[in-house]
Amino acid sequence: MADLVLRAGTLVDGTGAEPAYEPEVVVRDGVILQVGSVGDYSGDADVVDYGDATIMPGLIDCHCHLQFGAYESHERTLAVHKSATNEERVMTAIANGQRALATGVTTMRDTGGYLTLNMVVREALRRGLALGPRLLVCGAPITTTGGHLNWCGLRADSRDDVIRAVRQMVEAGADFIKVMATGGMMTPGSQAGHSQYDLETLRALVTDSHRLQRHVAAHVLGADGCRDAIDAGVDTLEHCSWLTPEGIRGQSAVDEEAVERIDASHQSVHMTLAAMNRTPFRDLAHLDALPADERERIRAAGANFRYMRERGVPHVVSTDAGVIDTPFHEFPLSVISAVVALDTTPVDAVHLVTGAAAKAIGLWGLTGELVPGRQADLLVVDGDAAENICNIARTVSVFLGGREVVRKRRLAVLAR
Ligand SMILES: [Zn+2]
């Protein structure tokens, strides 16, 4: 197979480095061979010129629920999932993976579905039986009887129960372990502001997961759960909302000392922005057009994350796609929203959903950055995304392991 040379106007490489202009990316056998300037490469190749477009790494969504339908209410999402057959759940997951892939999401970490069905989905995609992104799966989330997402089928109450649940998921092929350390909004009565496990039980879960070389993602909304998850040594803190015990949104009980205890060598916080902070960006041409009151509201939603950022806490942006009003084709809107919520640059926001995300979920070195040796997972979007982040939603092409899997527009194939 001839080498593939991609040219564009701008390159954002996912490492957080400044953008490069008039770039050239060379792909050989599905892997990035070199990244340079137009004209650097002189071998035998297919050359594609994307004009003034931007090339960046394929996006990585570290938090989604492929089996869920993203309906307008928690009740409906829950009712549809509960009444579905296993075959329907698998088909929904594959279709949702394809919806995300079409917008440039080339890697997804599914943070919980029904028992071990997502292992089937992962294998179908890995074998090429269906087209879809790279997938990391946990199977079902470990939760308490009656606890958050208990209807995914993996209830564990005691220390022995959680250890057994970890081993059960690893035996079934889990890439990582998900635990519901606090209750959640989607499960009535589970008490989002309260912990589901004590610190010792969480520690036992983490110790056994790490023994089996699996990282642990903990769903944490309430402040007690955030603190215990940090101290138990979980690897990724999902949502990390620091809610008061009453579970009230908009109020925060950040434990500043606990934030200082976050171990940056392996722990990271994962921001998922609610639908109301994402939908204002549908069809927005430029951030300058965002009304000032919307900007302030979204900035307020990011206050805890900016606080943790300023203290050097590793962090990423993900979606929670599948839950209420969070469809799989809107990840680019979460990236745009993050620029406002975190008061940061487009280049940094791209880093948080590519290079930083790969590192947080153990895929650093495989994907997430446009540097030689990485898988050629690429997203090409219209215009200069480093100048105008709204361009990230204007998909032109998506490559997965060097294969073009989405093509909305190609400017010219120059030569062979
Ligand atoms: Zn979730």
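Residues numbered from 1 in each chain as written. Predicted model: local features only at pLDDT ≥ 70, side-chain atom pairs only at ≥ 80, totals over all residues. Heavy atoms only, no water.

Next up on the list: the coordination of the zinc ion. Looking at the zinc ion, the protein donor atoms are His-63 (NE2), His-65 (NE2) and Asp-320 (OD), and they sit 2.0 to 2.4 Å from it. Sequence spacing of the donor residues for the zinc ion, all on one chain, is H-x1-H-x254-D. Overall, the relative accessible area of 1% leaves His-63 in the buried class. (Donors = N, O, S within 2.8 Å, 3.2 Å for Na, K, Ca; no water. Buried < 20%, exposed > 50% of the residue type's maximum accessible area, 1.4 Å probe, protein only.)

The next thing to look at is the state of the cysteines. Scanning the entire structure with this criterion turns up zero disulfides. With no disulfide of its own, Cys-226 lies 4.1 Å from the sulfur of Cys-240, the closest cysteine sulfur. (Disulfide = S-S within 2.5 Å.)

So, on to the sheet that holds strand β9 (residues 105–110). With parallel pairing, the three strands of this open sheet are ordered in space as β8-β9-β10. Two strands in the sheet have a free side with no partner beyond their single neighbour: β8 (59–64) and β10 (134–137). Between one strand axis and the next, the sheet turns by 15 degrees as a mean value, whatever way the strands run. By the bridge criterion, four bridges tie β8 to β9 in an arrangement that is parallel. The residue of β9 that forms the bridge with Cys-64 is Asp-110. (Pairing = 2+ DSSP bridges. Helix = DSSP H or I, 4+ residues; strand = E, 2+ residues; numbered from the N terminus. Axes fitted to C-alpha atoms, helices over the stretch in contact; angles between N-to-C directions.)

Now for the packing of aromatic side chains. Here the structure, examined in full by the defined rule, presents one aromatic pair. Consider the rings of Phe-68 and Trp-151, whose centres lie 5.6 Å apart with planes at 40 degrees: the pair is tilted. Remark: Trp-151 occurs in the loop between β10 and α4 (159–172) and Phe-68 occurs in the loop between β8 and α1 (74–83); sequence separation between them is 83 residues. Residue Phe-68 shares its accessibility class with Trp-151, and that shared class is buried. (Phe/Tyr/Trp six-rings, centres within 6.5 Å; stacked < 30°, edge-to-face > 60°.)

Moving on, we come to helix α10 (residues 331–341). For α10, the buried fraction is high: 11 of the 11 residues fall into the buried class. Buried within α10 are the following residues: Phe-331, Pro-332, Leu-333, Ser-334, Val-335, Ile-336, Ser-337, Ala-338, Val-339, Val-340 and Ala-341.

Everything listed here is a matter of geometry and, on its own, says nothing about what the molecule does.
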